[in-house]
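# Descriptive structure summary
These are the residues of each chain, in order.
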Amino acid sequence: MKLSQFKFNLPESLLASEPSEQRDESRLMVLHRDSGKIEHKIFKDVLDYFDDQDVMILNNTKVFPARMYGNKEKTGATIEVFLLRELNKELRLWDVLVDPARKIRVGNKLYFGDDDLLVAEVVDNTTSRGRTIRFLFDGTDEEFRRNIEILGETPLPKYIKRKATPEDKFRYQTIYAKNEGAVAAPTAGLHFSRELMKRLELKGVNFAEVTLHVGLGTFRTVEVEDLTKHKMDSEQFIITEEAARIVNKGIDSKRRVCAVGTTSMRAIESSVSADKHLKAANDWTSKFIYPPYDFSIANSMITNFHTPESTLLVMIAAFAGYENVMNAYEVAVKEKYRFYSYGDAMLII
């Protein structure tokens, strides 16, 4: 398939820059894969589609405050430093993006916070905007993390033009987030409230938690028309023995197995055994799922509404059928569903 087949007209006004009032009260479109039938619901209605022994696969990665602002030594120029991942804990080496990049060279020092709470030195160039930096900090790892918490901002996606607020720290994070390492939230999970999870649990739904640390690649635009030529960024994922057991029990009992989000789907599809069951793993994946694709683990999924020509929209089309998805998106625009990270949700069954 070609990238241009995933174009559609998305008015700017439908990009959600604020979360819904209540997590589980965003809108929910239900799309039936077999017939293409569409239903309009509220997110908490997902309860009606799941029963005893069904499985939901959640990505429990935790977003850290990755966006920091520092000052360059001598000139005092303000530089945005976006922490991508820690390369070496002992040496406090980090892979980062800097903006404006042309001002930042190897050897430069950057100062963070009013009283220079943290100082970093640029040790390498990685890409045009990428740098490796070393934080010059002698305290404990706990103190270092605390300083990052103080100085860092919630890394809201760039399409949200406002500054991050204290509320974003809570709302741009799933309620079940545990393993720190993501620079973007697994947004399908943002719709789950504690009350809804409790009610699903009481109904007998089993939760399997996997981890995939979402990187900035999730927002990267596809620049090739031929989808087979697109390369995804690599992201770390972890599937425990316990998660694999819960999921495989659901598969064997022919229950509804639901991937909550494209990141959960990528993680599970990156670790499939020969007999189409889920395997425990601690690995990196750069898997790009595009039509036609034979899914092995999940038979339903929950996902947000994605932007035109994104890898996420392409994956959804592979799962629910190209015509079904493009038709559903046309309806979503007409019905003014909210798109992207803080937007509404779709359940595909």
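About the cut-offs
- Residues numbered from 1 in each chain as written.
- Predicted model: local features only at pLDDT ≥ 70, side-chain atom pairs only at ≥ 80, totals over all residues.
- Heavy atoms only, no water.
- Pairing = 2+ DSSP bridges.
- Helix = DSSP H or I, 4+ residues; strand = E, 2+ residues; numbered from the N terminus.
- Axes fitted to C-alpha atoms, helices over the stretch in contact; angles between N-to-C directions.
- Contact = heavy atoms within 4.5 Å.
- Phe/Tyr/Trp six-rings, centres within 6.5 Å; stacked < 30°, edge-to-face > 60°.
- Buried < 20%, exposed > 50% of the residue type's maximum accessible area, 1.4 Å probe, protein only.
- Expected span 1.5 Å × (residues − 1).

### Quick word on the sheet that holds strand 6 (residues 78-88)
The six strands lie next to each other as 5-6-7-10-9-8, forming a closed barrel whose pairing is antiparallel. Taken over all neighbouring pairs, the strand axes of this sheet differ in orientation by 45 degrees on average, direction set aside. In terms of strand pairing, strand 5 (residues 67-72) meets strand 6 through five bridges, oriented antiparallel. Across the sheet, residue Gly70 finds its bridge partner in strand 6, namely Ile79. Lying over the sheet, helix 1 (residues 141-151) contacts strand 5, strand 6, strand 7 (93-99), strand 8 (109-112), strand 9 (118-125) and strand 10 (130-135), oriented at roughly 90 degrees with respect to strand 9.

### Focus on the packing of aromatic side chains
Throughout the structure, instances matching the rule amount to 18 aromatic pairs. Taken together, a centroid distance of 6.0 Å and an interplanar angle of 80 degrees make the contact between Tyr172 and Tyr342 edge-to-face. A residue pair is termed long-range when its members are at least 10 positions apart, and Tyr172 in the loop between helix 2 (166-171) and strand 11 (179-182) and Tyr342 in the loop between helix 7 (322-334) and strand 17 (345-348) qualify at 170 residues. Both residues of the pair, Tyr172 and Tyr342, count as buried. Look at Phe295 and Phe319: their rings are 5.0 Å apart centre to centre, the planes differ by 85 degrees, and that puts the pair in the edge-to-face class.

### Some details on helix 4 (residues 241-252)
Spanning twelve residues, helix 4 covers 16 Å between terminal C-alpha atoms, matching the ideal 16 Å at 1.5 Å per step. By the burial criterion, the buried members of helix 4 are Ala243, Ala244, Ile246, Val247, Asn248, Gly250 and Ile251. Elements that come into contact with the buried residues of helix 4 comprise strand 3 (55-59), strand 12 (206-212), strand 13 (235-239) and strand 14 (257-260). One or two residues past the end of helix 4 sits Lys254, with phi positive at roughly 55 degrees.

### Overview of the environment of Thr221
By the element assignment, Thr221 lies in the loop between strand 12 and strand 13. Residue class for Thr221 comes out exposed when judged on its relative accessible area of 53%. Distance from Thr221 to Pro308, taken between C-alpha atoms, is 9.7 Å for residues 87 residues apart in sequence.

### Focus: the pairing of strand 1 (residues 27-31)
Look at any regular strand and the pattern is simple: side chains alternate between the two faces of the sheet. Counting buried residues along strand 1, four of its five residues qualify, which places the element largely inside the surrounding structure. Taken together, the five bridges between strand 1 and strand 2 (residues 38-42) define a ladder with antiparallel strand orientation. Looking at strand 2, one finds that Leu31 is bridged to Ile38. Turn length for the strand 1-strand 2 hairpin, with the two strands adjacent in sequence and antiparallel, is six residues, and the turn residue Gly36 shows positive phi of about 80 degrees. Direction of pairing for strand 1 relative to strand 17: parallel, over a ladder of four bridges. For Leu28, the partnering residue across the bridge sits in strand 17 and is Ala345.

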